[in-house]
Each structure stands twice: as C-alpha cells, then as structure tokens.
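Per-entry structural report
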Amino acid sequence: MNDTTHEPEIVDVDVAEGEADSASLVKTSAVWPTQLPVFPLSNRPLFPGLIVPLVYDGNDVKESINKLASMGQTHIGLILVRNEEEPFEPKNLYHVGVIAKVVKAIEIEGHGLHLVVECLERFKVREWLEGSKMLRAVVEYHQATSYEDNVEMRAYTVAIINTIKDLLKHNPLYEEELRFFASRFSTDEPARLADFAAGLTTADREELQDVLETYPVFDRIKKAITLLNRELNVSKIQSRIRDNVNERVSEQQRKFFLHEQLHEIKRELGLDVDPQEQETERLREKAAKLKFSEEAGKVFEEELGKLEMLETSSPEYAVTRNYLDWIVNLPWGKFARDRFNLKSASKALNKHHSGLDDIKDRILEFIAVGARKKEVGGSIILFVGPPGVGKTSLGKAIAEAVNRPFFRFSVGGMRDEAEIKGHRRTYIGAMPGKIVQALKQVKAANPVIMIDEVDKIGNDFRGDPSSALLEVLDPEQNSDFMDHYLDVRFDLSRVLFLLTANQLDTVPAPLLDRAEIIRLPGYIASEKIEIATKHLLPRQLEAHGLSSKEVKISKSVIGRIVEDYAREPGVRGVEKLLKKILRKAAYKLVSKEVEPGLNIGARDLSDYIGKPRFASEPLRLGIGLATGLAWTRLGGVTLTLEAAMAHRDRRGMKLTGQLGKVMQESAEIAYSYLIANLTRFGAPEDFYEKAFIHMHVPEGAVPKDGPSAGITMATALLSLALGKVPAAIAMTGEMTLTGAVLAIGGVREKVLAAKRLGVHEIILPKANEVDVKELPESVPEGLIIHYAKHFEDVARLMFGIRMRAQKRAK
C-alpha cells in the first residue's frame, strides 16, 4: 500500500455537517480515541495544524477507509515508514506520528483513493494491537499546553516570522499557507508556529521526523528555524538561478521574435533568400554582364554547380567562392576606348615631361601607327636609363595619351614565378599572379601595364620569373595566357606592356629580343631646371602644405641647385634637395622665425642644403693628364686620367684605380702603340726604355671597365713623353694597336656629361658621327665636336703635332 503526500498546501474542503467554526476544529486529547487505525506515510511526516491531500493506491486502504466510515470513525493515525522498500508492518514504522481527521475521501477510477485530512496532534505509539486485518495501535498524545514565555522564545518566534517573510519574497507560493495559518492560529503560539515552519520546508524526511519527535517547544522551534534558514538559502539560490534563466530565455525570446519579424519583413519585401542562393544569384548576375570565352563560360558553370552543392560550412565552399569571385571580376570582353588624337597625346606627354623631345617623338610615332591599325596592343616598349629620368612617369603619360588605365608593378628581386603566373589552387592561400591582379584592378582587358626593374629580376629553386614573363610579353603567346590559379586562358594581346631598366647588360636576352628599346640617357642642365621649375617645385610645395606666395624659389636659384648640388642625369636628386629646403622653410614659418613670402636666394642655399658638392672648375690640365668620357648605369661621367714617371730604374707600367680587365688591356695597347711610334710624334725614342710609368684613374673605390678609354690613356702617356700639357678637350674612343679609333656606345650620355662639366670641345670616333646627328639639337648645342679615325687625329688636336714621314695604310 502506497501513499503520495503532497507538499503542505491549502485545499478547499467541505467540513462535515454539524462541524463547528474554524476555531473549534482543534479538539482536546480528552475526546480523541486512544486506539487508532494506522496508515503509512512514505515521503515525509505531517505536522499538526495542516490540512493535506493524500493519495493511496491499492484496495487495502480503500476497504479500511470504507469500514471506518461505516462505523462513523473519522480519525486515523499517520506514521512515516522507515524504509519504503520494506513491507508495511510495525517494525518498519516510526513510533511518533500525527492523528488526522478524514475530511473528504474520493475514489477516482484508475487514479487511486484521494483523501483530504486535517492533522490534529502528534502522538506516540505505546502498543501495537493484533488480531485485526487493519493495523491498529494504542497511542499517547503529547499536546503542548504550556511553555515558558521568555525573551529568547520571543526572539526565536520573531526570527521565524521574519524568515518566512523573506521566504515569501523568493517563493510566493507560501503566501497561501501563511494566510491559512494566521486565520487559525496566533503567532503567539510558538508550538504551532514551529510545526508550521517545519512543514513549509523541503528538508529530508529524517530531519522532519526529528522535529516531529521533539516535544519541548523551545528545542523544536530552534530546529525549525534551522531548517527554515536553510530553505531560505535554497530559495535565494533558486530565485537567482530562475532570474538568470528567465533573463536568458527572455533574451532568446527577444532575438527569436526579432528574427521572426525580420524574416516576415524580408518575405514581404521579397528579400527572404537563402544566403547560398543569394551568393549564387549575385555571381550569375555579374557573369551575365561579361563576355566569357567558351572555355571560361564552361568552367564558370561547372564551378557554380559545385558551389550550389556544397555546404556553406565546408572549407571547399570558401575556396570555390573565391575562385568564382576572381572569374567574374576579370574584364572579360571589356575594353577601354582608345584615343589616337596626336595633339591630345602630345599635350599629355608635355604635361608630365619637359625635354626628351626625341623620346616624345618616338612615342607619338608609336601612337600614330596605332591610329592606323586602330589598336596599340601587342607591343612591348623597354625604357632604359639611369634612375630619375622619368621612365615611370612616361608610362603614365602614354596611358593618359591613349586613354587607357595604368597599372605598375616591380619585378626587382622577384624570385618566384608564381608572382607572375599565380599559385595553383591546391595550395592554401593560393591567389592569381600580378598580371591577373592588374586586370581585376583596372577593369579593362587593354590596359597599359608597366613592369619596373626587369634588369634586377632574380631566379632560384622556386622558378625563373624572367621565363614566366616570356609567355606574358610574347605577342605570339599571350593571346592564350593561362594563370596557374585561374587555369583558364585569357587574351593579353591587346595589353600594352612597358618595361623599365637601368641597364641592358642584366636584362634577360629573350626579353630584349621581344622589346622595342627606347633609351633615356638623362637631362641636360637646362632641361632639369625646366622640370624642377614647372613640375617638381609646385608638387613639393603642395606636399609640404605651402604655397608659392609663402615660399619663393626663383629659376636662377634652381639653376644653382642643378649646377652645384645635383649633376646626376635624372632629377631625383634635385627633388630631394627641394624637399630639404621646403622642410626647413616650413619650420621657420611655423616657429615665426620668418614671415610668409620667404624668398630663398642663391646665397641662402648653404644654410638650407649645405655647401656645394660640385665646384665649377675647368678641366684639369697638366703634363700626363687627360680627360675621358665614360658611361655608367647612372649616366655619363668624366674621368681625368693621370700618368707619371715613378723612376728610371727599370722599364714598366703600373695601373691603379680598380680597373677592369678590358680597361687594363686598353692601357697596355696604348702603352705598346706609343713605344712603337714615339719618334713619329717627336718624343725621345728612349723615353720609355728605363722609365717606370704609373697610371691612375681617380675614384679608386669605384670599379671601372670598358674599352672607350683607349685614346685617353694614349693621350696621357704621350703628354708625359712630350712634356707638354694637352689641350682642354675631353675625349672617348677605343684604340687598336695600329692606332685606329673605333666606335663606342653611350654617346648621348657622354656628351651630356661633358656639358655638365663645362667642357666646350670633345673628341669622338668618326664612326659615331651618325649617332651625334641623331641626337636632339639641344644636346650637342654649344659643343665643338671633333671626329677622329686614327690616333694621329687625336695627337694633332691635343698637341698640335702631326706624325712624321711614315704614312698609315688606308
């Protein structure tokens, strides 16, 4: 037989007919039976003063209750079982229980017998009675009728009441029990208050039984308040947990409702699309605006189909989506409209550049050919020249002239061919090469792409970028250019490629074979002054937050800067000096050292950029000295060769100045030629018999090489033998053992170097006369140029002598 004892609660009951008011519900022990039928409690004991619902399963209890009702007996005893698993018998029951009156009994089919009982008073079993099917016991009642009223008791009573009030804050369900207790009992009854307080708690069955078995009121109320405080702490924790849960649930509900509202709004607006479908639709819309090649269109559809099958959380999804992004962002079939107006092109070139008229003419010729062909693609132009001569700005000017977008990247130091042709998609973080990146950025299939520093490209185990460039640049191959990442052919035949280099020696030969070379040797002083005045100074004034009214630098001052501080072929050095001047000018203006309208004169230059680096000195003249013209990767320079007789102990010659092998051979050729022909030049025949000659080329820290110093070395040696000072003429030319003067390269650079030094006469090989005629008139202007076929011509110009008697073969 099992019972279910509900947590203490108030139920609405119908008191039997003839029952007195609520105050008469509690009877004295004098009228309670001393023998009681006993029924078990399995969950927890009950306390006097409570009305509790009970549920019993099984026919035994039903029969017993019906029998008691027929006898007019409504009182029963309720005792807690010790072990729920063991049978219902005296040894498995506690000895203290509570007498209860059955107020209502209802049988619900399939749900057992439901009782409502009013607990009256605790009792103790004195004896178990036998001989009846129903378990009965002789009981002794323990009703607390008096207690010692003292301050401590009152304190505990108040503490219980306050604790119950606190408990109500966290669990409002107890409010009904408290109201019912207050209607039947007084708070001045500590015994009833202790039982009520214990009945409110969810303590263990053993702890509650202990309170029930505690007869002294003071001890009972102390145990009750202990359990009540523990219940309060539990309720506080439960309340906190409930608040946290409610807060999270409320937040989740809020988000849920907002998402539902957003979903409904999107549905009404037609925006409620699956993200994957939306991404697919976006790609299709972009693709619809492009003119894919047949191969590209097929690959796009295949990859898009794969994307639709993949989960968005899959790593392959991101890879495929990125690939398709690259495909649809390339300019398939999109071209910039070319402009072939020569006047506009000339205006654009002059806007970016002053001087270099011959270079501009060649570019205009190139554009004119494009106008006839209606395209300028498929061409490769290589600009070669020292730093700062405007190779990159020329590329921008060409792009502006033909109305095409411009993209520039450098291959200097590049060692991985994947930088050009991309990485294969099998690699993590793979991406296309620079060419495809350029096309994506400019959004046109016919841009102007400038590839800088092709003379400094490298190679290692990762591949040879210069070889990868061949497919990009070769007009016969680039119509089917295939990037490793895209793995789809793209037509580059309409792209105009511009290359830049400082020298041709290190440019890969296959690239040279495919390019049209345009040399930019450098600027003369007047051109540099013009560029600095019209372009560099205004640009730097703006960059430094200054205006031409606040800081003034005249053209003559810029001329001094060019002549005394920046004689290099390009204008980068001039620009750096202008930056330095304007920085100091800005500082002076901000610190109120000077007023706006600062005029920087030639005398002020030393305060801004230091002492002049170059002195305006004439050629060095003297016995054994000769001035030669040389070419370097930074432009043309002048070199004064020095020859001196060290001693007459023995014959020989020593060379210093870090000369290369070719230059050493030139010195030996000049030395041998003069020894064989001294008398013909009027020098002592035995001058070199016992003379030890030391020849030096200044700036010994700079390596030097090349054949063009032959006639200069011969001139220095002849000056030493004749004891005469050569004329103030600079020269260049290769010489053979027979005295023939051969052609040299870098004519323009060498002519400009002579003008920068202030030389008025130069000697060039006769074979280079055609090169001089091709130069712009401004380059040789102001120079007297002599041409020499043989060293005899050089000797006549330098020393005013002619070779004697023997005639040279023609």
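Everything below is about the structure printed above this text.
These remarks concern the structure in this document.

Conventions we followed
Residues numbered from 1 in each chain as written. Predicted model: local features only at pLDDT ≥ 70, side-chain atom pairs only at ≥ 80, totals over all residues. Heavy atoms only, no water. Helix = DSSP H or I, 4+ residues; strand = E, 2+ residues; numbered from the N terminus. Buried < 20%, exposed > 50% of the residue type's maximum accessible area, 1.4 Å probe, protein only. Contact = heavy atoms within 4.5 Å. Areas by Shrake-Rupley, 256 points an atom, 1.4 Å probe, with all protein chains shown as cover. Salt bridge = Lys/Arg side-chain N within 4 Å of Asp/Glu carboxyl O. Pairing = 2+ DSSP bridges. Arc of directions from axis to C-beta. Patch = residues over 30% accessible without salt bridge, like charges linked within 9 Å, V, L, I, M, F, W, Y side chains within 5 Å. Lys, Arg positive; Asp, Glu negative; His and termini not counted. Charge placed at Lys NZ, Arg CZ, Asp CG, Glu CD. Axes fitted to C-alpha atoms, helices over the stretch in contact; angles between N-to-C directions. Left-handed = near helix turned anticlockwise from the far one by under 90°. Nonpolar A, V, L, I, M, F, W, Y, C, P; charged D, E, K, R; others polar.

The subject of this paragraph is the overall build of the protein chain. Counting secondary structure elements, the protein chain contains 25 helices and 25 strands. Buried positions account for 47% of the 810 residues belonging to the protein chain. For the protein chain, restricting intrachain contacts to residue pairs at least 6 apart in sequence, the fraction spanning at least 24 positions comes to 75%. Element-wise, carbon and sulfur atoms account for 50% of the exposed surface of the protein chain, whose accessible area totals about 41,200 Å².

Another point: the pattern of salt bridges. Note on pairing: side chains with opposite charge can pair once their charged atoms come close. Scanning the model with the defined rule gives 30 salt bridges in all. Here E316 makes a salt bridge to K306, at a shortest N to O gap of 3.9 Å. Of this pair, E316 sits in helix α9 (residues 315–328) while K306 sits in helix α8 (residues 294–309); the two residues are ten residues apart in sequence, bridging distant segments of the chain. Assessed through its relative accessible area of 35%, E316 is described here as partly exposed. Relative accessible area serves as the criterion here: at 32%, K306 is assigned to the partly exposed category.

Summarising burial for strand β6 (residues 112–129): 13 of the 18 residues are buried, a large majority. Across twelve bridges, strand β5 (residues 96–108) lies against β6 in antiparallel orientation. Paired with G97 across the bridge in β6 is F123. Joining the antiparallel neighbours β5 and β6 is a turn of three residues, in which G110 adopts a positive phi near 85°.

Let us now look at helix α5 (residues 205–212). When we look at burial in α5, the residues that qualify are R205, L208, Q209, V211 and L212. The buried residues of α5 occupy an angular sector of 155° when the element is viewed end-on, so they sit on one face.

It is worth spelling out a positive patch on the surface at this point. The grouping of R572, K576, K579, K580, R583, K584 and R613 at the surface amounts to a positive patch. Take R572: it is sitting in helix α19 (residues 572–590).

Further remarks concern a nonpolar patch on the surface. On the surface, a nonpolar cluster with roughly 290 Å² of combined accessible area is contributed by I237, I241, V245 and V249. Summarising the element assignment, I241 is placed in helix α6 (residues 217–269). With relative accessibility at 48%, the residue I241 sits in the partly exposed group.

Moving on: the environment of Q437. Its place among the elements puts Q437 in helix α14 (residues 434–442). With relative accessibility at 22%, the residue Q437 sits in the partly exposed group. On a C-alpha basis, the gap between Q437 and F407 in space is 9.8 Å, while along the polypeptide they are 30 residues apart. Apart from the residues lying within four places of it in its own chain, the contact partners of Q437 are W326, M431 and P432.

Moving on: the pairing of strand β4 (residues 75–80). Most of β4 sits inside the fold, with six of its six residues counted as buried. Note that strand β2 (residues 35–41) and β4 share four bridges and pair parallel. Residue V38 lies in a different strand from β4, and its bridge partner there is G77. Where β4 and β5 come together, four bridges link them in antiparallel fashion. When the sheet's bridge partners are listed, H75 is paired in β5 with K101.

Bringing the packing of helix α10 (residues 342–352) against helix α11 (residues 357–373) into the picture now. At a minimum axis distance of 10 Å, the contact between α10 and α11 shows a crossing angle of 150°. Here α10 and α11 pass one another in a crossing that is right-handed. Contact residues: α10 offers L342, A345, S346, L349 and N350, while α11 offers K360, I363, L364, I367 and A368. Class assignment of the residues belonging to the contact of α10 with α11 gives a composition of seven nonpolar, two polar and one charged.

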